[in-house]
Amino acid sequence: MKRTGAQIVWECLQREGVDVVFGYPGGANLPIYDAMRDFSIHHVLGRHEQGVTHMADGYARANGRVGVAMATSGPGATNMITGIATASMDSSPIVCITGQVASKYIGYDAFQETDVTGISLPITKHNFLAMQVEEIMPAIRQAFYIARSGRPGPVLVDICKDAQQAVIEDWQYDESPIRLPGYRPDLAPVPEKIRSAAEMINAAKRPVILAGRGVLLSGATDLLRQFAEKAQVPVALTLLGIGAMPASHPLNMGMMGMHGESWVNQAIQNADLLLAFGMRFDDRVTGNVETYAVNARKIHIDIDPAELNKNIKVDLGLVGDLKEIVTQIDPLVQPADHEEWVDAIWSRRKESAVRDIQNLPDNGHLYAPHVINDLWRHTAGEALVVTDVGQNQMWTAQYYRHEKPMRFISSGGLGTMGFGLPAAIGAKMGCPTCEVWAVVGDGGFQMTQAELSTAAQEGIKVNVAIMNNGFLGMVRQWQEFFYEKNYAATPMRSPDFVKLAEAHGLTGLRVTQRAGVEDAIRTARETPGTVVIDFRVEQEDSVYPMVPTGADLDKMIRRPSPIVETARDR
């Protein structure tokens, strides 16, 4: 076949099974866009390159396939950097394809020339610069292989404009297996370590499983449940591990960490064995590492050897695919009875319930936790929920209870404000039959609100719930707790979100009282197209509990009871 470099790009994407690409054209990738019409891949035009990268990320997290984003050179490529870093921190498989100036101009500060491979090197699994047409196909094939194998992550392919325009007269697609020297995505532990892990589990009296995103990525959710039931081990979830265990399961304790449940953190501190399944002991999970679970032996299973002993020293580290490793351990583990241990954990939960905002009377104010709990009830817990970052994120993690995997999407490691809306659009494209809700704050939403036009142009259905408290809420909370309520630069004026939605040709709603929440949710679900709901929630409410930075994991700030009324006139 006679193929230009630009046609080879699309041919390779099509061979990789790509059905949608999120992108933004420009001068350096115009040949790629000119060739697009010859292929059946659907293109989604975003409104900002950061947005299209988050869309590719949301797509990948929702359906497990590699997401693809495109941008031009220079500012187009650099605008993708935040999205790439977000995907890198959360192990999300995306391939970003950028245009680059012609090869003869590289190094001469040509118009819109930027060394994006150099810039992105620390935040990608790998990247490629294709300066010749013959390099395009190997780069794209390897990019997909690297992105999806081992610990998933982002890969960038930068393609010079002249390589896009060049022609190969007799081009053939290479279908041979990919082998990369030095790249070992299929590591596995030796049998002796498998036996040692089983012996430690069988000897434990107060074990806890710490389930992270790796459980979801390895497809081990059913195995986790079966293993926990057999050994009667309670399960604690990281933020990105939500959905790894059904929320209603009696062994699911809930979320751990800075804004996790108090009884979960206490259980971790009192455990005699921690089984870390596909999590990386992030600082938001551990609190003070010097006092973290000091009486517990620790087994860490992770596909990335760099994570073992990086943050927390462990007694036994096993490198490899979580599902495969637990499958090998399971036959060696004896059925156990830890009923006394499990009952002790749940008794602490009952003690904490009296402070839960859901159990306090309606005082006429609209609280974000009430909104999210109502959203959970009216969607029967079946929605695919994408959050932004901040208080809205933590409240959603606490009050929207997920029974199924891959239904909670959020920026964890990087904590990227502006992630919610574009990632929800990508998730909807990846799972078109799912009911998708974006739960966002008024601050993060304004960072990427232009993507409402993308939703309108695509005609897709994404419901957006804005927890509008007139502040950069999580920063304000820190100012309240640790800076004597010096609310410096956190009060925020927002546009009229109802009119904003209408300006994009969408439906906008506003709710100021608890009584209006149910009708708004019902209307949003029944209305065709994307709907934006402006929930005017209590301004000075905070996320509880909270572990202060550097504090012991079980030294949490808890919600005062009853709630002090601090609502301001709006």
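About the cut-offs
Residues numbered from 1 in each chain as written. Predicted model: local features only at pLDDT ≥ 70, side-chain atom pairs only at ≥ 80, totals over all residues. Heavy atoms only, no water. Helix = DSSP H or I, 4+ residues; strand = E, 2+ residues; numbered from the N terminus. Contact = heavy atoms within 4.5 Å. Domains from an automatic or database assignment. Buried area = accessible area lost by both parts, 1.4 Å probe. Salt bridge = Lys/Arg side-chain N within 4 Å of Asp/Glu carboxyl O. Buried < 20%, exposed > 50% of the residue type's maximum accessible area, 1.4 Å probe, protein only. pLDDT = per-residue confidence, 0-100. Pairing = 2+ DSSP bridges. Axes fitted to C-alpha atoms, helices over the stretch in contact; angles between N-to-C directions. Phe/Tyr/Trp six-rings, centres within 6.5 Å; stacked < 30°, edge-to-face > 60°. Lys NZ or Arg CZ within 6 Å of the ring centre and 35° of its normal. Expected span 1.5 Å × (residues − 1). Core = buried A, V, L, I, M, F, W, Y, C linked by side-chain atoms within 4.5 Å. Parallel < 35°, antiparallel > 145°, perpendicular 65-115°, else oblique. Left-handed = near helix turned anticlockwise from the far one by under 90°. Nonpolar A, V, L, I, M, F, W, Y, C, P; charged D, E, K, R; others polar.

Chemist: Requested: an account of the side chain of S218, with residues and values cited.
Modeler: Positionally, S218 belongs in the loop between α10 (213-217) and α11 (221-231). Once you skip the residues sitting within four places of it in the chain, S218 turns out to touch D321, L322 and K323.

Chemist: Pulling in residues and values, what's your account of the domain arrangement of the chain?
Modeler: Domain boundaries in the chain define domain 1 (3-168), domain 2 (191-350) and domain 3 (352-536). A C-alpha centroid distance of 37 Å is found between domain 1 and domain 2. Counting residues at the interface gives 8 residues for domain 1 and 7 residues for domain 2. Each partner contributes to the roughly 630 Å² buried at the junction of domain 1 and domain 2, and carbon and sulfur atoms together form 52% of this total. Of all residues in domain 1, R61, D90 and R151 bury the most surface against domain 2, accounting for 63% of the area lost on that side. For the pair domain 1 and domain 2, the number of links is 2 salt bridges. Close ionic contact of R151 with D304 constitutes a salt bridge, the shortest N to O distance being 2.8 Å.

Chemist: Quick rundown of the pattern of salt bridges? Include the residues and the values.
Modeler: On inspection of all chains with the given rule, the structure shows 29 salt bridges. In this structure, E435 and R525 form a salt bridge, with 2.8 Å as the shortest nitrogen-oxygen distance. With E435 in the loop between α18 (420-430) and β17 (436-441) and R525 in helix α23 (residues 517-526), the pair connects residues that are 90 residues apart, well separated along the chain. Judged by relative accessible area, which is 36%, R525 ranks as partly exposed. As a salt-bridge pair, E518 and R522 come within 2.8 Å of each other at their nearest N and O atoms. Within this pair, E518 and its partner R522 are both found in helix α23, separated by 4 residues, close to a single helical turn. Residue classification places E518 among the partly exposed residues on the basis of a relative accessible area of 36%. Given a relative accessible area of 36%, R522 falls into the partly exposed group.

Chemist: Any details on the confidence of the model for the chain? Residues and values, ideally.
Modeler: Do not read the fine detail of predicted coordinates wherever pLDDT is low. Across the chain, pLDDT averages 95, with 97% of residues at or above 70. Ignoring residues within four places in sequence, the model shows residues 563-570, a span with pLDDT below 50, making 19 contacts including any to other chains.

Chemist: Got a sec to walk through the pairing of strand β12 (residues 273-277)? Specific residues and values, please.
Modeler: Among the 5 residues of β12, 5 are classified as buried, and the element is accordingly described as predominantly covered. The side-chain alternation of β12 yields two buried faces, one formed by L273, L275 and F277 and the other by L274 and A276. With 5 bridges joining them, strand β9 (residues 207-211) and β12 adopt parallel strand pairing. When the bridges of β12 are listed, I209 appears paired with L275.

Chemist: Which residues make up the sheet that holds strand β5 (residues 94-100), and what values do they have?
Modeler: Sheet architecture is open: 6 strands sit in the order β3-β2-β4-β5-β7-β6, paired in parallel fashion. In the strand order of this sheet, the two ends are held by β3 (42-45) and β6 (126-130), each with one partner. Direction aside, neighbouring strands of the sheet carry axes that sit 20° apart on average. In terms of strand pairing, strand β2 (residues 20-23) meets β3 through 4 bridges, oriented parallel. Directly across from F22, in β3, lies its bridge partner V44. Against the sheet, helix α3 (residues 49-63) engages β2, β3, β4 (67-71) and β5, with an angle of about 170° to β4.

Chemist: Lay out the packing of aromatic side chains with the relevant residues and their values.
Modeler: All chains considered together, the criterion is met by 10 aromatic pairs. Here the aromatic rings of F471 and Y487 are separated by 5.3 Å at their centres, their planes lie at 75°, and the arrangement is edge-to-face. Here F471 is found in the loop between β18 (463-468) and α21 (473-482), whereas its partner Y487 is found in the loop between α21 and α22 (497-503), with 16 residues between them in sequence. Considered together, F471 and Y487 belong to a single accessibility category, that of buried residues. The positively charged end of R401 is found above the aromatic ring belonging to W376, 3.7 Å away from the centroid.

Chemist: Account for α3, with residues named and values stated.
Modeler: Under the 1.5 Å per step criterion, the end-to-end length of α3 is 22 Å for 15 residues, consistent within 8% with the ideal 21 Å. α3 sits mainly inside the fold: 14 of its 15 residues count as buried. The positive-phi residue at the C-terminal boundary of α3 is G64, with phi of around 80°.

Chemist: A description of the nonpolar core should follow, citing residues and the corresponding values.
Modeler: Core analysis: the largest hydrophobic core is formed by 49 residues, its most contacted members being F22, L384, V386, F445 and V464. The contacts of F22, once residues within four sequence positions are left out, are H43, V44, V52, M55, A56, Y59, V68, A69, M70, G426 and M429. Core analysis: the next-biggest nonpolar cluster, separate from the first, contains 39 residues, W10, V21, Y33 and V155 among them.

Chemist: Give a description of the packing of helix α9 (residues 191-203) against helix α14 (residues 322-329) that names residues and reports values.
Modeler: The N-to-C vectors of α9 and α14 enclose an angle of 65°; their axes lie 9 Å apart at closest approach. Between α9 and α14, the interaxial angle falls into the category roughly perpendicular. Considering only the axes of α9 and α14, their crossing is right-handed. Counted together, I194, A197, A198 and I201 of α9 and I325, Q328 and I329 of α14 form the full contact between these two elements. Across the contact of α9 with α14, the residue classes tally to 6 nonpolar, 1 polar and no charged.

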